[in-house]
Amino acid sequence: MTAATAGLPSKSWLSDFLLLAAIWGSSFLFTRFAVLDFGPLPTAWVRVAIAAAFLLPLVLLRGHGAALMKNWRRVFLVGLFNSGIPFACFAFALLSITTGLSAILNATVPMFGAIVAWFWLKDRPTGSRVLGLLIGFAGVAMLAWDKATFKPDASGVAPGWAVLACLFACVCYALSASYAKRHLTGLPPLVTAAGSQIGATLGLALPAAWLWPAQWPGSRAWLSLGVVGVLCTGIAYVLYFRLIENAGPARALAVTFVVPVFAVLYGVVFIGEAVTLWMLLCAVVIICGTSLSTGLLKLGR
């Protein structure tokens, strides 16, 4: 990968950036299609199992098998918190709330990451970053206020629990990021990607088998999970690591802010989801707060 991209122009990362945002934005739509037939835990398990089957041969072809075996405990643990639990949480949430709303909540991942890094890695934030945290949480409160009911809707899931599931998934992403920074630094990214999917597959296997649907899922659900597993997880990881290499981690992190744009667009076009002005306003507040809290934007003196 390094040899092939070393001579690329400095702006060549933009196509990878937009493609990755478009792919990750579609994951919410395909997960929505799958979870209606599979249920949350089986949906998450099939997704990570397909991704693991796609990534593991790449690891072996690149000669990283020994590195995976040496670090399998730590990598598998990261996979449970970085893939298994969050994927199940978002699948559960999509039974009740829209793909656009779940994607907007997903944009808070860097904000939670800044909080975890503050307490765990002692990465003390500056004044503008603290202000960003406050703004970001205000945006989340504004967005969740309309979904604060814990009475089940027609889907059988209360929107309030769905919002909390999304936020818990974001916390899991943040914890796994800090853990990886402390314990997996220097490990080839492809090893972390493949190992994490294997770990998530093993961690979700028993609960997914226990909750496997009595009626065999339809072809659309299987096709959706195939796309999510290969495209939105396996290929997306490769794009993400290439983006980090070519554009740096800060620009790669910013892809989280563009994902909701595609997710909202897909939801409106393909399943007719409604987008309110309030939702868009809250999204702007959350993205501004997250940008400040992660240091991507800085206030002047």
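Predicted model only: the values in this text are computed from it and were never measured.

> Looking at this structure, I do not really get the packing of helix 7 (residues 109-120) against helix 8 (residues 127-145). What am I missing?
For any two helices packed against each other, the geometry comes down to the angle between their axes and how far apart the axes lie. Here helix 7 crosses helix 8 at 135°, and the two axes come no closer than 10 Å. Relative to helix 8, the element helix 7 lies oblique. Considering the relative orientation of helix 7 and helix 8, their crossing is left-handed. Contacts from Met111, Phe112, Ala114, Ile115 and Trp118 of helix 7 reach helix 8 at Arg129, Leu133, Gly136, Phe137 and Val140. When its residues are assigned to classes, the contact of helix 7 with helix 8 shows eight nonpolar, one polar and one charged.

> Before we go on, may I ask you to explain the environment of Trp212 in this structure?
As for its placement among the helices and strands, Trp212 is situated in the loop between helix 10 (189-210) and helix 11 (219-247). Given a relative accessible area of 27%, Trp212 falls into the partly exposed group. Each C-alpha atom of the pair Trp212 and Asp37 lies 9.9 Å from the other, and the pair is 175 residues apart in sequence. Aside from chain neighbours lying at most four places away, what touches Trp212 is Phe38, Pro42, Trp45, Val46 and Trp222.

> How should I be thinking about helix 14 (residues 277-293) in this particular structure?
Residues spaced three or four apart along an α-helix face the same direction, because each turn holds 3.6 residues. Along its 17 residues, helix 14 runs 24 Å from first to last C-alpha, staying within 8% of the 24 Å computed at 1.5 Å per residue. Within helix 14 the residues assigned to the buried category are Met279, Cys282, Ala283, Val285, Ile286, Gly289, Thr290, Ser291, Leu292 and Ser293. The secondary structure elements touched by the buried residues of helix 14 are helix 6 (99-106), helix 7, helix 8 and helix 13 (255-271). Count one or two residues on from helix 14 and you reach Gly295, which has phi positive near 85°.

> What is the right way to look at the pattern of salt bridges in this model?
Opposite charge on two side chains lets them pair, provided their charged atoms get close. For the structure shown, the criterion picks out one salt bridge. Across the salt bridge formed by Arg32 and Glu273, the nearest N and O atoms sit 3.3 Å from each other. Here the residue Arg32 occupies a position in helix 2 (residues 13-38), and Glu273 occupies one in the loop between helix 13 and helix 14, the gap between them amounting to 241 residues. With relative accessibility at 13%, the residue Glu273 sits in the buried group.

> In this structure, what is going on with the nonpolar core? I would like to understand it.
Generally speaking, a soluble globular protein has its nonpolar side chains buried in company with each other. Counting 55 residues, the largest nonpolar core has Phe90, Ile97, Leu105, Leu143 and Leu243 as the members making the most contacts within it. At nine residues, helix 9 (residues 159-183) tops the list of elements feeding residues into this core. Each residue touching Phe90, except ones within four places of it in the same chain, is listed here: Phe28, Ser102, Asn106, Cys166, Ala169, Cys170 and Tyr173. Counting residues in each nonpolar core, the second largest holds 17 residues, with Leu55, Val59, Leu68 and Val78 among its members.

> Hey, could you run me through the environment of Val48 in this one?
Relative to the helices and strands, Val48 is located in helix 3 (residues 40-61). In the structure, Val48 is positioned 180 residues away from Val228 in sequence and 9.0 Å away in space, judged by C-alpha atoms. Excluding residues within four positions of it along the chain, Val48 makes contact with Ser83, Phe87, Gln197, Ala200, Thr201 and Leu204.

> Could you clarify how one ought to interpret the packing of helix 6 against helix 9 in this entry?
Helix 9 packs onto helix 6 with a crossing angle of 35° between their chain directions and a minimal axis gap of 9 Å. Helix-helix and strand crossings are classified by hand; for helix 6 and helix 9 the assignment is right-handed. The segment helix 6 lies against helix 9, with Ser102, Leu105 and Asn106 engaging Val163, Cys166, Leu167, Cys170 and Tyr173. Partitioned by chemical class, the residues of the contact of helix 6 with helix 9 number six nonpolar, two polar and no charged.

> Is there a simple way to think about the state of the cysteines in this case?
Structurally, a disulfide amounts to a covalent bond that connects the sulfur atoms of two cysteines. Counting across every chain of the model gives zero disulfides. You can see Cys89 has no disulfide; the closest cysteine sulfur is in Cys172, sitting 6.0 Å from it. Note on Cys89: relative accessible area 13%, which makes it buried.

> Explain the packing of aromatic side chains here, please?
Within a pair of aromatic rings, the relevant descriptors are the distance that separates the centres and the angle that separates the planes. Going through the model one piece at a time under the given rule, you end up with 14 aromatic pairs. Plain terms: the ring middles of Trp118 and Phe119 are 5.2 Å apart, the flat faces sit at 25° to each other, and that makes the pair stacked. On the accessibility criterion, Trp118 (28% relative accessible area) is partly exposed. In textbook terms, an aromatic cluster arises when at least three aromatic residues are bridged by ring pairs, as seen for Phe38, Trp45, Trp212, Trp216 and Trp222. Lying across the ring of Phe87, Arg47 places its NZ or CZ 3.6 Å from the centre.

> What should I look at first to understand the confidence of the model for the protein in this one?
One rule of thumb: low pLDDT means the predicted coordinates there are not for detailed reading. Across the protein, the average pLDDT comes to 86, with 92% of residues at 70 or higher. Contacts from residues 1-10, a stretch scored under 50 in pLDDT, to residues over four places away or in other chains number nine contacts.

> Even after reading the chapter, I still don't get the side chain of Thr108, so can you show me in this structure?
Residue placement: Thr108 occurs in the loop between helix 6 and helix 7. Taking the relative accessible area as the measure of exposure, Thr108 reaches 0% and is therefore buried. Engagement of the side chain of Thr108 in a polar contact is seen with the backbone oxygen of Leu105, the distance being 2.6 Å. Residues in contact with Thr108, not counting those within four places in the same chain, are Val140, Leu167, Cys170, Ile286 and Thr290.

Cut-offs applied
- Residues numbered from 1 in each chain as written.
- Predicted model: local features only at pLDDT ≥ 70, side-chain atom pairs only at ≥ 80, totals over all residues.
- Heavy atoms only, no water.
- Axes fitted to C-alpha atoms, helices over the stretch in contact; angles between N-to-C directions.
- Helix = DSSP H or I, 4+ residues; strand = E, 2+ residues; numbered from the N terminus.
- Parallel < 35°, antiparallel > 145°, perpendicular 65-115°, else oblique.
- Left-handed = near helix turned anticlockwise from the far one by under 90°.
- Contact = heavy atoms within 4.5 Å.
- Nonpolar A, V, L, I, M, F, W, Y, C, P; charged D, E, K, R; others polar.
- Buried < 20%, exposed > 50% of the residue type's maximum accessible area, 1.4 Å probe, protein only.
- Expected span 1.5 Å × (residues − 1).
- Salt bridge = Lys/Arg side-chain N within 4 Å of Asp/Glu carboxyl O.
- Core = buried A, V, L, I, M, F, W, Y, C linked by side-chain atoms within 4.5 Å.
- Disulfide = S-S within 2.5 Å.
- Phe/Tyr/Trp six-rings, centres within 6.5 Å; stacked < 30°, edge-to-face > 60°.
- Lys NZ or Arg CZ within 6 Å of the ring centre and 35° of its normal.
- pLDDT = per-residue confidence, 0-100.
- Polar contact = N/O pair within 3.5 Å; in protein donor to acceptor, adjacent residues only side chain to side chain.

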